[in-house]
Amino acid sequence: MSDRILEVRDLTKSYGAIMASRRLCLDIDRGEVHALIGPNGAGKTTAINQLSGDILPDSGSIVFDGVEISRMPPHRRARLGLARSFQITSIFDDLTVEENLALAIIAHAGHNFRFWRNCLKTPLVQRELPAALERVDLDRQAGTIARSLSHGEKRQLEVGMALTGRPKLLLLDEPMAGMGPGGTVEMAKLIGRLRGEITILLVEHDMDAVFALADRITVLVYGECVACGTVAEIRHHPTVRAAYLGED
Amino acid sequence: MSRSGTRTAAIVAAGGLFFVLLPPVATFAGEDYPISLFTRILIYAIAAVSLDLLIGYGGMISLGHAAFVGLGAYVVGILHQHGTDGQPLLGLLPGSDNALLVWPLAVLIAALSALVIGSLSLRTSGMHFIMITLAFAQMLYYFFIGLEKYGGDDGLSIYSRNRLPGLDLGNDLHFYYLCLSLLAAYLLFVHRLVQSRFGLVIRGASSNSRRIEAIGIHSYRYRLVCFAIAGAGGGLAGALLANQTEFVSPGLLNWTLSGELMVMVLLGGLGSLFGPVLGATIFLLLEEVLAMYTEHWMVFLGPFLVIVVIFLKRGLFGLLTGTGQRHE
C-alpha cells in the first residue's frame, strides 16, 4: 500500500475561455489533513467537484488509492471510500436526522432491495446509528426533521453522513462557511478529532483554522497549483504571500 | 410525534370502520346505490395511493398515471372478449374470465409497461418528466382509439364480471368487500414500503438527488422499481374498474384521468398515503353531488381545490391529523 491516497496529475477543466483547472497536480498522503487554499475564483470548488465526480475533467488523471477514477460516476467513487461535504450544505431536508444517517449507513452495505422491514430497525442501522449520532453530537435531535436544524447542526449532520462508512478520504468544501464563531469552534474540534483517523482534504477560507488544522497546504491561483508545503513553508512562501496572503 | 401519531391512527381506524360498516347501513336503509358509488371510490383510491407513492414520496410528478389504469382495464376487457368469442389472442392465448389469472396479468402488464416508460422518463426530471409521462400516456390513448379490433373509440363491453373462487363478483356486496380488502392490502404494503430501506432511498433521492449519489447510492434503479410498483397499483385499479363498470374505453387512458388522480392526491394530502383515500372519497362525492345540480360541476370543484392547496399544505388529511401547518 502506497503512502499516497490521492494523486492528481495535469487535471484540466475549462469553461469556455476560463480555465478553472490548469494542469493541476495534487498529492495527498495517507492520514494527513491537507488544506486547499486560494483566492476567490481560484478553482477550489471545481477541483473538489472533479475529485468527487460531480464534474468530469477535460483531461488529466486522478488516482485514488491505486484506482484511476477520473471518469467514474460519483456513487462509485463514494463506494471506494471517497466522501464529501458540499459548500452549500447538502442533506436530506425532508428526512429526520436518524434517517439521514441511516441512508449513509446502508449506502455502504451494498446494493439490495428491502421492501418490508422498517429500515431504522434493521440490525445494521441499530448497530451503527448510535455511534454515528454521537460522533457529530446530534443524539438529542435524532427524530428531528433535518430542515428544522440550525445551520451549524446541518453542517455537523452533513459531515456525519460523510463520515459514516469510514471513508478513506474526506473532502470538506468550506465546512465553516456561514457559521457563527461557536459553530466554527465546534467544527474545528470535530476535524481535530478526526485527525489521524481519516485523511482529509479541506477547502477553507478561514486562515486561522487552516493554519491550526492542516499538516500540509496546497495553494491554487487561477486553477494552477503555485505552492505546496507545510504550514510554515506556506506562511513564508514569497509567491503565496504576493498572490494571496498579502491581501490580509 | 406520538400524539399526532395516535391521532392519525384513530382517524385511519375510524375511516376503516366507516368503509366496513357502509354496506350494511346502506342495505338497512334500503339504498343500493351508495355501495356501487363507494366501490368506485375504493378503486380510485387504490390508483390515487399508487400515484401518491410516486409524487408524494418519490418526487416523480407523473401526469401519465392513467396509462397504467387503462392498461389494466384493457387486459380484463381483451381477455374477456377472447373468452367470449372463443378466438385465442394472437392465435396463442385463450381468453379468460378467471380473476386469479386475469388480474395478476393486468398488474404484471401495467408494471412492465411502467418499467419501459419509466426507464426512458426517469432520465429526465422536473418539467420534462411531467411532459414525457404525459406523452407516453397520450400515445397509448390514441393507440387504443385506433385499435378497431377491440372497439376503438367505442370501447369494449364486458358481459360478465371475472370469476373468483368462493366469491360472486357479480354481487355488489362481494365486490365491494373485495375492493376494500385489496385497498387495505395495498395501503399496508406501501405503508411498510416507505419506511423500508427501499423507501428511505426513494425519499432521500426525492429530497436531494445530488446527495444520494454522493453518499454512494445510484438511485435510478430504485426510482425505476418505484415507478413500476406504482404502475402495478394503477393496473390493479384498472382491472377492478373494468369489472365494476363492465366496460372499458380509451377514456381510461386519457390525461384527464391522470389529472383527476393528481387532484385526489393533492386534495387528500401529498405523501400521506391515507390522504389520497380521503381525497378520492371527497372528489367523487363532490362530483356526484354537484353533478346533480349542474353539469359544470368543475366550476365549483376548482375553487375548492385552489383553497385546499393554498391553505392546507398537507391537504385535508393533514387538517384532520393536525399536521397541516407543519410543512415549512
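All values derive from a computational prediction rather than experimental measurement.

S.K.: Explanation requested: the overall build of chain B in the structure shown.
M.R.: A tally of helices and strands in chain B yields 13 helices and two strands. Over its C-alpha trace chain B gives a radius of gyration of 20 Å, about what one expects of a compact globule, namely 20 Å for 328 residues. With respect to the principal axes defined by its C-alpha atoms, chain B has extents near 60 × 50 × 40 Å. Here chain B holds 328 residues, and 48% of them are scored as buried.

S.K.: For this particular structure, what's the right way to read the domain arrangement of chain A?
M.R.: Think of interface size as the accessible area that goes away when the parts come together; that is how it is often given. Residue and element names in this part refer to chain A. Taken as a whole, chain A is organised into domain 1 (1-81 + 169-248) and domain 2 (94-166). With eight residues of domain 1 in contact, the opposing surface of domain 2 contributes seven residues. It is helix α6 (residues 181-194) that contributes the most residues to the side of domain 1 that touches domain 2, four residues altogether. A per-class count over the side of domain 1 that touches domain 2 returns five nonpolar, two polar and one charged.

S.K.: Help me understand the pairing of strand β6 (residues 82-85) of chain A in this model?
M.R.: Working note: regular strand, side chains alternate between the two faces of the sheet. Residues and elements named next belong to chain A. Residue alternation in β6 divides its side chains into two sets, L82 and R84 and A83 and S85, and both sets are buried. Both β6 and strand β7 (residues 169-173) contribute to a ladder of four bridges, which runs parallel. Across the sheet, residue R84 finds its bridge partner in β7, namely L171.

S.K.: Explain the pairing of strand β3 (residues 33-37) of chain A to me, please; I cannot follow it from the model alone.
M.R.: Residue and element names in this part refer to chain A. For β3, the tally of buried residues reaches five of five residues, placing the bulk of the element in the interior. By the alternation rule, side chains of β3 split into V33, A35 and I37 and H34 and L36, which are all buried. As defined by bridge partners, β3 adjoins strand β8 (residues 199-203) across four bridges and the pair is classed as parallel. In the sheet register, L36 faces β8, and the bridge partner there is V203. Sheet topology places β3 next to strand β9 (residues 216-221); four bridges connect them, and they run parallel. Following the sheet pairing, A35 is matched in β9 by I217.

S.K.: Looking at this structure, how should I read the sheet that holds strand β5 (residues 67-68) of chain A?
M.R.: In sheet architecture, strand pairing relies on hydrogen bonds along the backbone and comes in two forms, parallel and antiparallel. Residue and element names in this part refer to chain A. Strand order in the open sheet made by the four strands is β2-β1-β4-β5, with antiparallel pairing throughout. Edge strands, defined here as strands with exactly one partner in the open sheet, are β2 (18-29) and β5. Note: strand β1 (residues 4-15) against β2, eight bridges, orientation antiparallel. Looking at the pairing, R4 lines up with D29 of β2. Along the sheet face, helix α1 (residues 44-52) touches β1, β2 and β4 (59-64) and points at about 65° away from the line of β2.

S.K.: Explain the environment of R235 of chain A to me, please; I cannot follow it from the model alone.
M.R.: All names here are of chain A. Positionally, R235 belongs in helix α8 (residues 231-236). What makes R235 partly exposed here is the crowd of 14 C-beta atoms within 10 Å. Distance from R235 to D215, taken between C-alpha atoms, is 13 Å for residues 20 residues apart in sequence.

S.K.: Is there a simple way to explain the environment of G53 of chain A in this structure?
M.R.: All names here are of chain A. One can find G53 in the loop between α1 and β4. On the neighbour-count criterion, G53 (22 C-beta atoms within 10 Å) is buried. Taking the C-alpha atoms as reference points, G53 and A232, 179 residues apart in sequence, are found 32 Å from one another. The residues touching G53, leaving out its near neighbours within four places in the chain, are M72, P73, P74 and R77.

S.K.: How do you make sense of the interface of chain B and chain A when you look at a structure like this?
M.R.: In this complex, chain B contributes 22 residues to the contact, which on the side of chain A involves 29 residues. For the side of chain B that touches chain A, the secondary structure elements donating two or more residues are α6 (172-195), α7 (197-207) and α8 (209-214) of chain B. The dominant element in the side of chain B that touches chain A, judged by the number of residues it contributes, is α7 of chain B, at seven residues. Here the side of chain B that touches chain A is composed, by residue class, of nine nonpolar, seven polar and six charged.

S.K.: For this particular structure, what's the right way to read the sheet that holds strand β10 (residues 224-230) of chain A?
M.R.: Residues and elements named next belong to chain A. One open sheet accounts for six strands, arranged β6-β7-β8-β3-β9-β10; its pairing is mixed. Lying at the two open borders of the sheet, with one neighbouring strand each, are β6 and β10. With strand direction ignored, the average angle separating the axes of adjacent strands in the sheet is 15°. With six bridges connecting them, β9 and β10 associate as antiparallel partners. Within β10, the position partnered with I217 by the bridge is G229.

S.K.: Sorry, what's going on with the packing of helix α3 (residues 97-107) of chain A against α7 of chain B here?
M.R.: Each pair of packed helices gets described by two things: the angle between the helix axes and the distance between those axes. Contact geometry for α3 of chain A and α7 of chain B: axes closest at 10 Å, N-to-C directions at 110°. The orientation of α3 of chain A with respect to α7 of chain B, classified from their angle, is roughly perpendicular. For the crossing formed where α3 of chain A meets α7 of chain B, the hand is left-handed. Residues E99, A102, L103 and I106 of chain A of α3 of chain A form the contact with α7 of chain B, whose own contacting residues are R197, L200, V201 and G204 of chain B. Residue composition of the contact of α3 of chain A with α7 of chain B, grouped by class: five nonpolar, one polar and two charged.

S.K.: Honestly, helix α3 (residues 66-85) of chain B in this entry has me stumped. Any pointers?
M.R.: In an α-helix, one full turn covers 3.6 residues, which means residues spaced three or four apart are oriented alike. Residues and elements named next belong to chain B. Taking 1.5 Å of rise per residue, 20 residues should cover 28 Å, and α3 covers 28 Å from first to last C-alpha, within 8% of that figure. Of all 20 residues in α3, 16 are buried, a share of seventy percent or more. G86 occupies a position one or two residues after α3 and carries a positive phi of about 75°.

S.K.: What am I meant to see in the packing of helix α2 (residues 33-57) of chain B against helix α9 (residues 220-245) of chain B here?
M.R.: Residue and element names in this part refer to chain B. Their axes nearest at 8 Å, the elements α2 and α9 cross at an angle of 170°. In terms of their interaxial angle, α2 and α9 are classed as roughly antiparallel. Here T39, R40, I43, Y44, I46, A47, V49, S50, L51, L53 and L54 of α2 come into contact with α9, specifically with C226, F227, I229, A230, G233, G234, L236, A237, L240, L241 and Q244. Partitioning the contact of α2 with α9 into residue classes produces 16 nonpolar, five polar and one charged.

Cut-offs applied
- Throughout this document, residue positions are counted from 1 along each chain, in the order its sequence is written.
- Written order determines the labels here, with chains lettered from A and ligands numbered from 1.
- For this predicted model, a pLDDT threshold of at least 70 governs which residues receive local features, and a threshold of 80 or more governs which side-chain atom pairs are given and counted, while totals over whole chains, interfaces and linings are taken from all residues.
- Helix and strand definitions follow DSSP, with helices as H or I runs of at least four residues and strands as E runs of at least two, each counted in order from the N terminus.
- Radius of gyration means the value over C-alpha atoms here, while the globule rule gives 2.2 Å times the residue count to the 0.38 power.
- In this scheme every C-beta is placed from the backbone, and a residue whose C-beta has 20 or more other C-beta atoms within 10 Å is buried, one with 12 or fewer is exposed, and one in between is partly exposed.
- Just so you know, the domain bounds were taken from an automatic or database domain assignment.
- C-beta atoms are first placed from the backbone for all residues, and any pair lying within 7 Å is then listed as a contact.
- Classification used: nonpolar for Ala, Val, Leu, Ile, Met, Phe, Trp, Tyr, Cys and Pro, charged for Asp, Glu, Lys and Arg, polar for all others including Gly.
- When DSSP finds two or more bridges between a pair of strands, those strands are recorded as paired.
- Fitted lines through C-alpha atoms give the axes, limited to the stretch in contact for helices. The angle between two N-to-C directions lies from 0 to 180 degrees.
- Comment on the angle field: the value is read as roughly parallel under 35 degrees, roughly antiparallel over 145, roughly perpendicular from 65 to 115, and oblique elsewhere.
- A clockwise turn of the near helix away from the far one marks a right-handed crossing, whereas an anticlockwise turn of less than a right angle marks a left-handed crossing.
- Multiplying one less than the number of residues by 1.5 Å gives the expected span of a helix.

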